[in-house]
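What the coordinates show
So the chains spell out like this:
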Amino acid sequence: MSLLSLDGVSRVYATRRGMFGRPVAVRAVDHVSLAVEAGQTLGIVGESGCGKSTTGRVALGIERPSEGSVLFEGAAMPAPGTPEWRRMRARLQLVYQDPLGAMDRRLTVATQIAEPLAIHGIGDAADRRDRVAALLRDVGLRADLAERHPHELSGGQRQRAVLARALATDPALLVCDEPVSALDVSIQAQVINMLTDLQEARGIAMLFISHDLKVVRQVSHQVAVMYLGRIVEQGDPEAIFADPLHPYSRALVSAIPVPGPRRIARVVLTGDPPNPADRPSGCAFHPRCPVAVAACALTTPALRPAADGRLVACHLVDGVAGTA
Amino acid sequence: MLRFIALRVGRALLTIVLVVTFAFVVLRLSGDPALMIMSPDAPPEALAAFRQAWGLDAPIWLQYLKYFGAILQGELGQSMRDGRPAIQLVAERIPATLTLTLPALALKVGLGIPAGIYAALHRNSMTDRVVMTFAVAGFTVPSFVLGLILVLIFAVQLGWLPSGGAESWRSIILPVIAMGLGGAGVLARFTRSAMLEVLGQPYIRTASAKGVPWGAVVRGHALPNAAIPTVTVVGFMVGSLMAGAVVVESVFSWPGVGRLMVVAVANRDLAVVQCVLLLVSATMVTSNLIVDVMYGVLDPRLRGQAPAGGGH
Amino acid sequence: MPAEPLVSIRDLRVAFHGLPALRGIDLDVMPNEAVGLVGESGCGKSVTWLAALGLLPPSAKVTGSVRLAGQEILGAAPSVLDRLRGGRVAMIFQDPASALNPVKRVGVQVAEALRLHRGMTGGTAEAEVLRLFDQVGIPDAKRRVHIYPHEMSGGQNQRVMIAMALAGQPELLVADEPTTALDATIQAQILDLLRRLQQETGMALVLISHDLGVVAEMCRRVCVMYAGRIIEYAPSDTLFADPRHPYTRGLLAALPDMVGPRRRLEAIPGGVPEPWNLPPGCAFAPRCGHATAACDAAMPGFVPVGVDHAAACVNLEAAIVAAMVAA
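The structure displayed is predicted, hence computed values, not measured ones. (Residues numbered from 1 in each chain as written. Chains lettered and ligands numbered in written order. Predicted model: local features only at pLDDT ≥ 70, side-chain atom pairs only at ≥ 80, totals over all residues.)

Things to note about the confidence of the model for chain A
Residues and elements named next belong to chain A. When pLDDT is averaged along chain A, the result is 88, and 95% of the positions lie at 70 or above. Per-element mean pLDDT across chain A ranges from 82 in helix α13 (residues 315-318) up to 96 in strand β3 (residues 41-45). The low-confidence segment residues 320-324, where pLDDT is below 50, has 8 contacts with residues more than four positions distant or belonging to other chains. (pLDDT = per-residue confidence, 0-100. Helix = DSSP H or I, 4+ residues; strand = E, 2+ residues; numbered from the N terminus. Contact = placed C-beta atoms within 7 Å.)

Comments concerning the nonpolar core
One finds A:Leu173, B:Val276, C:Val110 and C:Val206 to be the most contacted residues of the largest nonpolar core, which totals 280 residues. For A:Leu173, the residues in contact, after removing those within four places along its chain, are A:Leu3, A:Leu4, A:Val36, A:Arg91, A:Leu92, A:Ile204, A:Ala205 and A:Leu207. (Core = buried A, V, L, I, M, F, W, Y, C linked by C-beta atoms within 7 Å. Buried ≥ 20, exposed ≤ 12 C-beta atoms within 10 Å, placed from the backbone.)

Considering the environment of C:Glu72
Residue and element names in this part refer to chain C. Secondary-structure assignment places glutamate 72 in strand β5 (residues 71-72). Look at glutamate 72 and you get exposed, because 12 C-beta atoms sit within 10 Å. With 100 residues separating them along the chain, glutamate 72 and leucine 172 place their C-alpha atoms 16 Å apart.

Overview of the domain arrangement of chain A
All names here are of chain A. Here the domain parsing of chain A yields domain 1 (4-91 + 171-318) and domain 2 (104-169). Averaged C-alpha coordinates put domain 1 and domain 2 at centres separated by 30 Å. With 5 residues, helix α8 (residues 185-202) is the largest single contributor of residues to the side of domain 1 that touches domain 2. A per-class count over the side of domain 1 that touches domain 2 returns 10 nonpolar, 1 polar and no charged. (Domains from an automatic or database assignment. Nonpolar A, V, L, I, M, F, W, Y, C, P; charged D, E, K, R; others polar.)

Observations concerning the sheet that holds strand β10 (residues 229-235) of chain C
Residues and elements named next belong to chain C. Read across the open sheet, the 8 strands follow the order β6-β7-β8-β3-β9-β10-β12-β11; overall the sheet is mixed. Two strands in the sheet have a free side with no partner beyond their single neighbour: β6 (89-92) and β11 (303-306). Geometrically, the sheet is characterised by an average inter-axis angle of 20 degrees between neighbouring strands, direction not taken into account. Pairing between strand β3 (residues 34-38) and strand β9 (residues 221-226): 4 bridges, direction parallel. Pairing of glycine 36 across the sheet is with valine 222, part of β9. (Pairing = 2+ DSSP bridges. Axes fitted to C-alpha atoms, helices over the stretch in contact; angles between N-to-C directions.)

Concerning helix α11 (residues 247-255) of chain A
Counting buried residues in α11(A) gives 9 out of 9 residues, a clear majority hidden from the surface. Within α11(A), the full set of buried residues consists of A:Pro247, A:Tyr248, A:Ser249, A:Arg250, A:Ala251, A:Leu252, A:Val253, A:Ser254 and A:Ala255. Structurally, α11(A) contributes buried residues whose contacts are with α9 (213-219), β9 (222-227), β10 (230-235) and α10 (237-242) of chain A together with α8 (184-201) of chain C.

Notes on helix α1 (residues 52-60) of chain A
Residues and elements named next belong to chain A. With 7 of 9 residues buried, α1 is to be regarded as a mostly interior element. When α1 is considered as a whole, its buried residues turn out to be Lys52, Thr54, Thr55, Gly56, Val58, Ala59 and Leu60. Remark: glycine 61 follows α1 within two positions and exhibits a positive phi of approximately 90 degrees.

Some points on the interface of chain C and chain A
Reports of interface size often rely on the accessible area that becomes lost once the parts have come together. Listed as interface residues are 33 residues of chain C and, on the opposing side, 33 residues of chain A. Looking at the side of chain C that touches chain A, the elements that each hand over two or more residues are α7 (154-166), α8, α9 (212-218) and α11 (246-254) of chain C. With 6 residues, α8(C) is the single largest residue contributor to the side of chain C that touches chain A. Its residues assigned to classes, the side of chain C that touches chain A comprises 15 nonpolar, 11 polar and 7 charged.

Written as structure tokens, this is what we have:
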């Protein structure tokens, strides 16, 4: 049984086109199914508007899916705001891109790390102090730094503090939304190592959302590539990044600038990423796809297993093009 | 766009209705006009007759309905003091008030905005600090204190300018200064911070990197952006063209709408008070409406279409 | 005979309120060359070019020499700088959405550059704006000329910035993190565009980035900066194949790979020193695994380690001397 499973989840927002236009339904997430196994990391990659952050929020239970179901530890995710949902916060935690925004300016770091313990009524004051000290050791933050306020720390130190707070209640799942994107390369490496070490030590599962494919490859056991709210390719990171099957994954992987020799020839896409309020018909990627055929504009491809077991949503990979 | 304006106009009208209702309630509940106007020791029959003549003996909700109905018909009632139509009384005084408030507005804008821009361009220099000190002094000192000080110096000690009344062109100098300096200080400070915010934006650096001379950067790139928040404050000042002179008119015995209002409130002269309030709220609300529309003109981001997707 | 450098920077130093941001930069850019300037935040890579072009606030203290085709431009009169900025040297910035004036139409902003540097107005200017939009790959140019920056995507805004930069027909384009705020596939498009434009116009390109991959792909020569100094420079293939300075090696080891087996990242311990707390001698010494007493004694000079390849590290010198002695 997977620790977390999303089944056919959609998240639809109602917005207007412009200030006075007619209301339009924006499918930020469209029939997404994925599973995170205990102690493993599922990476989600994609560009802006692909719905990865929304997926993360639905997985956490912060937002209710418009369609589909979210199961955590076998049980349905309770509705936001209910007492069961609040109790569940101890098992699921979120770390996101802006560590300064995630922390309260007025409280010391140590107080904020202890806060979840207080909220969930874990241990007495002495226990909490010990736990906070242990957490600080785990994340490599000096005890004297914890007595400071968030704005007095560097970016890397802040992110460690945020992690310490997230780990306070010993969660089973950590949802990380661009946790290292705002950090310099050398600090990024420190935080990434810390995340993988903590995963090994504590058996925490992670849902790692990022636009940076290199980082996702480093930490993930499974990866899903999203485009305009749908998963277009899913499976083993090695396979997907070494030889992407879906044309979008191919373009995305080839777009990553790397020092040294290039594995995949650069595929430069034309045009801009589409507006989620303005979905193309059929396969959402077809207007920009270098190998699109007629069928691509007509039917949306389903996510189907390819030869090596990974899932791909593409008519051409399926071999169904021409039989539409 | 039509809906945009219709919504704003609707809200404006609702505001006016609420203001007038509020004033009605407060005035009726806070004192007896009969006693104020006739005098506390008039005989009870005279008081009763007065009340009956003015409809003050009816239940309050009935009075309100009557009043509202009358307004909708354009009938704003008569002054209880001298029986003349309230509209006439108020209309007579409008030019006098405008004689003070319009030059004061010109002073606020003409002194405040350039001072603020200059201070922003020479940030932290001596001039900046001096200008800002004066600005703060300008808006912390209440206008009547400033007015009284001005009267003391220029009218009493030096005898250069009259201390009150409205006889000659010299009479407007002191009241205009008393009213205008405070607003100039507010505008200076506000304009300065709007300019500083704009000057710190990346597109100013782009303009310089493009080779635009600094003067043109300030005029062509910074000012149009800094105008957007500044327009709000100026709009507010325009809105108080009618109401803003109350205190100063009292200090300088200026026969304007403000003075009329003060006297009418003291006397619970309901029709006049309500008429002035209607005028004041209409002015304020219209001015806000214009500011809202100006926003759309000055800031294309507020005009409509949602931005395209892409980039993060 | 080697050509004259287009831009020659010597001993450029910048201090903000007494705190050093640049501690002596020497850099040459040849005509039609693509040079990369790479480093983490606070290393001074952007400040170098802002200082060279006189774009820093008046409170910044700038000393040294910057020559453009032999002419000294550091501290030049504002009229001289205004003419050359956007004219001979153009600069584009990060986050194009906020780098464009939000209340002016994009066509007008590009036309402003045309008016300033090529004296074009009216119909001639309009036609040229359209041509520039085509050159940078903005589709539907006739319509797009009249819209505002917020009505376009990040990638398109960056193309407008590039068009604006090209308007003055510059000999050098300085691109400061031009793709950092953009999605990966759009980044690829913009870099592709810059490469093509460089070939078409023959201009030199200075690409500033924290992303080693971007710089590796685009530039023939790369300089690595740390705490206000250049600590290593080399042709880009050489730099990534054979980095010599411990910091460069550390940076490359800290980067997750896209190919090859997954390995634990080698993080550089500690953090970049604050400007008020710079170590005496080599600024990287506190974090360096190979630091010796000599590192704290004085700022290391450049040690040549290959063709056009040098690194500022005293231990390299010792190693080379030892190798020479042993040979």
